[in-house]
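Structure at a glance
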Amino acid sequence: MKLLLICAFVCASTFLPLRCQAQEPAKPAEEKPAAEAKTNSDAAKANPVKASPTSLSSGKKKYGQDCAMCHGKEGAGDGDLAEDMHLKLRDFRDAATLKDVSDGDIYSIINNGKGKMMGEEGRLKPDEIWDIVNFVRSLPKK
């Protein structure tokens, strides 16, 4: 009887971990290279939308709906969601913040996301994203 219990214990401790490993769900393949390629192509884009009063008004409205919860109503990076998630976001009101960032870079971040930020691709039309870019660019001038 002891021999049977010992044999059962040895078999269970040897084969049970192998069985559990086989049942683990497969991890999804990394998709970052494709996303990075898309991000780079978006970043190279030139802004086709003039920063007109209409564009700035539209950008402000979309910013208020989709961005302010994290980036703050005035662009200070002090939105409620950012505070809840303990994120430290840039202050868009400071001209130095976006000094070395192109309009295409901002478009790419809005469209594709960055870090914990989800992208707007498919939810917003390209011109709407460019309107947000124009609005964000106008924040330091206020």
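My aim in this report is to walk through the structure given alongside it, one point at a time. Just so it is clear, the structure is predicted and the values come from calculations on it, not from any experiment.

Analysis parameters
- Residues numbered from 1 in each chain as written.
- Predicted model: local features only at pLDDT ≥ 70, side-chain atom pairs only at ≥ 80, totals over all residues.
- Heavy atoms only, no water.
- Phe/Tyr/Trp six-rings, centres within 6.5 Å; stacked < 30°, edge-to-face > 60°.
- Helix = DSSP H or I, 4+ residues; strand = E, 2+ residues; numbered from the N terminus.
- Buried < 20%, exposed > 50% of the residue type's maximum accessible area, 1.4 Å probe, protein only.
- 1 Å grid on protein atoms, 1.4 Å probe; cavity = no way out; pocket = protein on both sides within 12 Å on 5 of 7 lines; lining within 4 Å.
- Points joined across faces, edges and corners; volume = space filled by probe spheres on them.
- Nonpolar A, V, L, I, M, F, W, Y, C, P; charged D, E, K, R; others polar.
- Salt bridge = Lys/Arg side-chain N within 4 Å of Asp/Glu carboxyl O.

A word on the packing of aromatic side chains
According to the stated counting rule, one finds 2 aromatic pairs in the structure shown. Seen in terms of ring centroids, Tyr107 and Trp130 are 4.4 Å apart; in terms of plane orientation they differ by 25°. Their pairing is stacked. A residue pair is termed long-range when its members are at least 10 positions apart, and Tyr107 in helix H6 (residues 103-112) and Trp130 in helix H7 (residues 126-138) qualify at 23 residues. Using a relative accessible area of 4% as the deciding quantity, one classes Tyr107 as buried. For Trp130, a relative accessible area of 4% puts it in the buried group.

Observations concerning the layout of surface pockets
Estimated volume of the largest pocket: approximately 860 Å³. Along the wall of the largest pocket there are 28 residues; nearest its centre are His71, Leu89, Ile109, Lys114 and Met117. Residue assignment for the lining of the largest pocket shows that the elements contributing at least two residues are helix H3 (53-66), helix H4 (68-71), H6, strand S2 (117-118) and H7. Residue classes in the lining of the largest pocket are distributed as 18 nonpolar, 3 polar and 7 charged.

Considering the pattern of salt bridges
Opposite charge on two side chains permits them to pair, given that their charged atoms come into close proximity. Enumeration over the complete set of coordinates arrives at 5 salt bridges. Linking Asp66 and Arg123 is a salt bridge whose minimum nitrogen-to-oxygen distance equals 2.8 Å. Separated by 57 residues along the polypeptide, Asp66 in helix H3 and Arg123 in the loop between S2 and H7 bring together distant segments of the chain. Across the pair Asp103 and Arg137 runs a salt bridge, and its minimum N-O distance is 2.6 Å. Taken as a pair, Asp103 in helix H6 and Arg137 in helix H7 lie far apart in primary sequence, 34 residues in all. A relative accessible area of 24% means that Arg137 is categorised as partly exposed. Ionic contacts of the salt-bridge type, sharing partners, join the residues Asp66, Glu120 and Arg123 into one network.

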